[in-house]
Amino acid sequence: MIWNTFEKDFDKLDRLHNPHYEKDSGLTDFDEIQDKLHEIKNKLSGESRHQASSKIIDFIFKNCAVEVNPVDWFGVSIAGWEPDCRRSPWRMMQHVIYEWETEQMEKDEEGRKIQALRNLHVETGAGWNYPDNCHSKPNWDDILNMGIGGIIDRVIYYRDKKIENGEYTGEMRDYYESVIRVYDGFVHLIGRWADYAKIKEQQNEKMPLVHKALTNIMSKPPKTFYEALLLIYAYSMVQEYVTGIQARTLGNLDTLLYPLYKKELAEGTLTRDHAKELIKYFYMQYEFAGNINNQPIFFAGTDGEGNDLVNDLSFLFIEAYGELNIISPKVQIAVSEVTSDKFLKKCCELLRAGHTSFAFANEDLARESMDILTDDENDKKHLSLSGCYNFSLKENVQPESAGISFVKGVELALNNGKDPLTGKMLGVRTGDWPDLDSFEKFYNAYLTQTKKIIDDAVAISEYFDKHFVDISPALMLSANFESSVSTGKDIYFNGSKYHNTVITVSCLATAVDSLYAVKKYVYDTKRISLDQLACALAANWKGYEDLRQEIASDGEKYGNNIDAVDFYAVDIMKKTAEYIYSKRTWLGEKYTADGEGINHGIKFGKKTGATPDGRYAYDQLSKNLQSVFGCDRRGVLAYINSVTKIDAYDYPNGAPIDFVLHPSVVEGEEGLDIMLNLIRTTFKKGGAAIQGNVYNADILKAAQREPEKYKGLQVRLCGWSMYFNKLSKDEQDMLIRQAEEV
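The paragraphs below set out a description of the structure included in this document. (Residues numbered from 1 in each chain as written. Predicted model: local features only at pLDDT ≥ 70, side-chain atom pairs only at ≥ 80, totals over all residues. Heavy atoms only, no water.)

Time to look at the overall build of the chain. Each helix and strand counted, the chain has 29 helices and 17 strands in total. Relative to its length of 742 residues, the chain is compact, with a C-alpha radius of gyration of 26 Å against a globular reference of 27 Å. Seen along its three principal axes, the alpha-carbon backbone of the chain occupies a region of about 80 × 65 × 50 Å. Across the 742 residues of the chain, 63% fall into the buried class. (Helix = DSSP H or I, 4+ residues; strand = E, 2+ residues; numbered from the N terminus. Rg over C-alpha atoms; globule rule 2.2 N^0.38 Å. Buried < 20%, exposed > 50% of the residue type's maximum accessible area, 1.4 Å probe, protein only.)

Have a look at this one:
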């Protein structure tokens, strides 16, 4: 039987954790494979990174063991990577990429200087940084419309054109040869899978169809709904787990696949129920892969003329999701004024039921925000939604290689540029305590220190931008963009139409509450002097506990719709965005700002001393644009009003709002209306994205006591979800405290 087999097959689907590689099909041991890749990498040390990378990837395609699971529509895999990120690195090329990064940083004085700056930022909690190849957006339109064979033909066409025009340089030769080698290797890998599917045709009725589909997508565009899903899966997993470049979106699947779905329904070759079953098998591949940040997909949105793109397939994808208990893929919904309320309420229904991997993003605002990056009206009409909740132009490379903590500027202003925990000079000298005799001077010192941290982040990002091709060539990704293959340049090395490097800012609420506490308690009421406050913070409030409790319990905090407090959130975000946009990449393009702090507040908090808002040293800092836990005491609407005073137009890459709702508030049809109105109201007020949880503290406490009874309990953390029982005790306690405040 081909159909209605999902439940029966379910326990046999997870071959990523329990592989059964085909006998004598190649190398299987993770460490042995890594040793072999390292050996090849060293032998190729004299070749360009493109050539070396392509030859290593080609070796993987042809020499690592493969598997075809006979009960699974998408059960094709290759040995050499680890699901669930169980090791570091877990992607096959990642070890080689790490080595190339180290070699590049040690190559010259500039690299060593940037490495020292990177280390300083990480050590002090001023920011994070890495050469970001984790936010790529494959060109799914071309991949599906042209197929692998068409992608290869286009590369060959532009290569031959360069040769004919006398423009064929040595660097171009390396690029074209390497891209073709990788894609030829990919075709070879699919052929290996197809051969084993053929061998297994007698084991399961699915196998003849799997063999046929694999054979077709080797060279032709997909002709069926199933073939399209299979190509998306094969491409995304190979790009991410073999080449090491994460595919941070599977595209707007309801729009991409609707023509094939509609055609097959009309022809009678596919039913709605069969399509749903295929989607379930498809989803489970990403759940089993266990990417810690979840695999993004998105639905809905509008076409170039502003028409709602929600269709029957949109509902089908969501229905299939609701019948599973998974956190990956994570679901992003592109919301416009014209987006179907019925569809949004269906998404809210699943979120209310505990499917926390939903995020809603404001497409109308995103289109307006693209004015910052381009004057091309047509490009603004066709946006991609990727990462956690990040809209972008479809042909835009946007590495997020560095980010900063807003809180560090407060520490540096209090200590004349010196980091208090390490004693290291991190900022600039903006004055000792007697010099800062007004809050205006203190606030200006804060802004100056924050700009210095941004300058450092830009310097780090620029170095990575110049050397992406030396660290992590993006051969597979590059080939599906005409802008790259027509110029013969890597997509990350001036081979994209747009290249707007992102600087991420984090921990706004802790910074705002700290600044307002300084204003109120030092300068306005003179409750304590600036030097005494600095001493209290250095002592982690020891000896000043009464004052700490007074400040911590003070109701004048960000998130309560208090204009005097919210002014600083608005001002900091506006001035920061303006400063970031004043910077230019080495290619002359604008830097762009991202207001999502995701989980950096936890990491930065461990490197941050006590802060003037009453926080103890090493405690976590605030996340995204959320208020400090427990400080939004006037309800969710006041909180939303505070956050939406910030001009999210300035943050096209993300400015998410987090919420927690008690289950009793959203019961029944009226509860769904409340959730829908929360989304609609937030976006009418200018919010960029919204996500959250529906739970109470009792459920979380029960799950902490008896985790075996709550294995499927999901929680939204920041830009992704996790299972509650897989969190650390500290993380669980944090969520329980937050739920108790609701």
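Glancing now at the pairing of strand β4 (residues 296-300). For β4, the tally of buried residues reaches 5 of 5 residues, placing the bulk of the element in the interior. Pairing of β4 with strand β5 (residues 330-335), which is carried by 5 bridges, proceeds in the parallel orientation. Bridge pairing links Phe 299 to Ile 333 in β5. Note on the crossover from β4 through helix α13 (residues 312-322) to β5: the handedness is right-handed. (Pairing = 2+ DSSP bridges. Right-handed = clockwise from strand over helix to strand, strands pointing away.)

Strands sit in the order β4-β5-β6-β15-β14 across an open sheet of 5 strands; the sheet is mixed. Of all the strands in the sheet, the pair left with one neighbour each is β4 and β14 (656-661). Ignoring strand direction, the axes of neighbouring strands in this sheet form an average angle of 25°. Here 6 bridges tie β14 to strand β15 (residues 689-694), and the two strands are oriented parallel to one another. Paired with Phe 659 across the strands is Gly 692, a residue of β15. (Axes fitted to C-alpha atoms, helices over the stretch in contact; angles between N-to-C directions.)

As a further point, take helix α23 (residues 545-553). Along α23, the positions that sit buried rather than exposed are Leu 547, Arg 548 and Ile 551. Seen end-on, α23 carries its buried residues on one side only, within an arc spanning 100°. Looking at the buried positions of α23, the neighbouring elements they touch are α21 (508-524). (Arc of directions from axis to C-beta. Contact = heavy atoms within 4.5 Å.)

Our next topic: the packing of helix α18 (residues 439-471) against α21. The interhelical angle for the contact between α18 and α21, taken along N-to-C directions, is 155°, at an axis separation of 10 Å. Relative to α21, the element α18 lies roughly antiparallel. Remark: the crossing between α18 and α21 carries right-handed chirality. Note on element contacts: α21 touches α18 through Ala 511, Leu 515, Val 518, Lys 519 and Tyr 523, opposite Phe 439, Phe 442, Tyr 443 and Tyr 446. Here the contact of α18 with α21 is composed, by residue class, of 8 nonpolar, no polar and 1 charged. (Parallel < 35°, antiparallel > 145°, perpendicular 65-115°, else oblique. Left-handed = near helix turned anticlockwise from the far one by under 90°. Nonpolar A, V, L, I, M, F, W, Y, C, P; charged D, E, K, R; others polar.)

In the structure shown here, the tally under the stated rule is 37 aromatic pairs. For the ring pair Phe 225 and Tyr 261, a centre distance of 5.9 Å and an interplane angle of 55° mean the geometry is tilted. Here Tyr 261 lies in helix α11 (residues 258-267) and Phe 225 lies in helix α9 (residues 225-241), a separation of 36 residues in the sequence. Exposure class is identical for Phe 225 and Tyr 261. Each is buried. With centroids separated by 6.4 Å and ring planes inclined at 65°, the aromatic side chains of Tyr 463 and Phe 464 adopt a geometry described as edge-to-face. The burial state of Tyr 463 is the same as that of Phe 464; both residues are buried. Taken together through their ring pairs, the aromatic side chains of Trp 3, Trp 73, Phe 74, Tyr 226, Tyr 233, Phe 282, Tyr 283, Tyr 286, Phe 299, Phe 317, Tyr 321 and Phe 358 make up a single cluster. (Phe/Tyr/Trp six-rings, centres within 6.5 Å; stacked < 30°, edge-to-face > 60°.)

Counting residues in hydrophobic clusters, the biggest one holds 228 residues, and the most contacted among them are Phe 225, Leu 257, Tyr 283, Ile 333 and Phe 360. Not counting chain neighbours up to four residues away, the residues in contact with Tyr 283 comprise Ile 297, Phe 299, Phe 317, Ala 320, Tyr 321, Leu 324, Ile 326, Ser 328 and Pro 329. Listed in part, the 22 residues of the second largest apolar core include Cys 388, Ile 598, Ala 703 and Phe 724. (Core = buried A, V, L, I, M, F, W, Y, C linked by side-chain atoms within 4.5 Å.)

For the rest of this paragraph, the subject is the state of the cysteines. Across all of its chains, the model carries 0 disulfides by this definition. Cys 348 supplies the cysteine sulfur nearest to Cys 347, a cysteine that is in no disulfide, at a spacing of 6.9 Å. Among the residues examined, Cys 348 registers a relative accessible area of 1% and is labelled buried. (Disulfide = S-S within 2.5 Å.)

Here we come to the environment of Lys 451. Within the element layout of this structure, Lys 451 appears in helix α18. Spatially, the C-alpha atom of Lys 451 lies 8.6 Å from that of Gly 409, the residues being 42 residues apart in sequence.

The tally for this structure, following the rule as stated, stands at 57 salt bridges. We note a salt bridge from Asp 9 to Lys 8, for which the minimum N-O separation is 3.4 Å. With relative accessibility at 1%, the residue Asp 9 sits in the buried group. The exposure class of Lys 8 is exposed, given its relative accessible area of 56%. A salt bridge links Lys 574 to Asp 650; the shortest N-O distance between them is 2.8 Å. (Salt bridge = Lys/Arg side-chain N within 4 Å of Asp/Glu carboxyl O.)

Right, let's talk about the environment of Tyr 463 for a bit. Considering the arrangement of structural elements, one finds Tyr 463 in helix α18. For Tyr 463 and Trp 586, which are 123 residues apart along the polypeptide, the C-alpha to C-alpha distance reads 8.9 Å. Those residues in contact with Tyr 463, other than ones at most four positions away along the chain, are Gln 104, Met 105, Asp 108, Glu 110, Gly 111 and Ile 114. Within the structure, the side chain of Tyr 463 is placed 3.1 Å from the backbone oxygen of Gln 104, a separation counted as a polar contact. (Polar contact = N/O pair within 3.5 Å; in protein donor to acceptor, adjacent residues only side chain to side chain.)

Relative to the helices and strands, Ala 126 resides in the loop between α5 (109-124) and β3 (127-129). Residue Ala 126 is classed as buried on the basis of its relative accessible area of 0%. As a C-alpha pair, Ala 126 and Lys 408 span 282 residues in sequence and 5.6 Å in three-dimensional space. When residues no more than four places from it in sequence are discounted, the contact partners of Ala 126 are His 121, Gly 403, Ile 404, Ser 405, Lys 408, Leu 426 and Ile 453.

Turning our attention to the side chain of Glu 363. By the secondary structure assignment, Glu 363 is in helix α15 (residues 363-369). When its relative accessible area of 5% is taken as the criterion, Glu 363 is described as buried. Those residues in contact with Glu 363 that lie beyond four places of it in its chain are Gly 301, Thr 302, Ala 334, Val 335, Ser 336 and Phe 391.

Okay, the sheet that holds strand β10 (residues 402-405) next. Across the sheet, which stays open at both edges, the 4 strands sit in the order β3-β10-β12-β13 with mixed pairing between neighbours. Across the chains shown, the open sheet's two edge strands, defined by having one partner strand only, are β3 and β13 (592-594). Across the sheet, the mean angle from the axis of one strand to that of its neighbour is 20°, orientation sign disregarded. Direction of pairing for strand β12 (residues 502-506) relative to β13: parallel, over a ladder of 3 bridges. Directly across from Thr 504, in β13, lies its bridge partner Asp 594.

Let us now look at the side chain of Gln 626. Mapped onto the fold, Gln 626 is located in the loop between α25 (600-605) and α26 (636-643). Setting aside residues up to four positions removed in sequence, Gln 626 forms contacts with Ala 509, Tyr 558, Tyr 639, Asp 658 and Gln 738.

Another aspect to go through is unusual backbone geometry. For the bond from Ser 328 to Pro 329, the omega torsion is 5°, close enough to zero to count as cis. Among the structural elements, Pro 329 can be located in the loop between α13 and β5. For Asp 24, which is not glycine, the phi torsion reads 60° and is therefore positive. Mapped onto the secondary structure, Asp 24 falls in the loop between α1 (6-9) and α2 (30-43). Taking the relative accessible area as the measure of exposure, Asp 24 reaches 72% and is therefore exposed. Non-glycine residue Asn 294 carries a positive phi angle of around 65°. Inspection of the secondary structure assignment puts Asn 294 in the loop between α12 (272-289) and β4.

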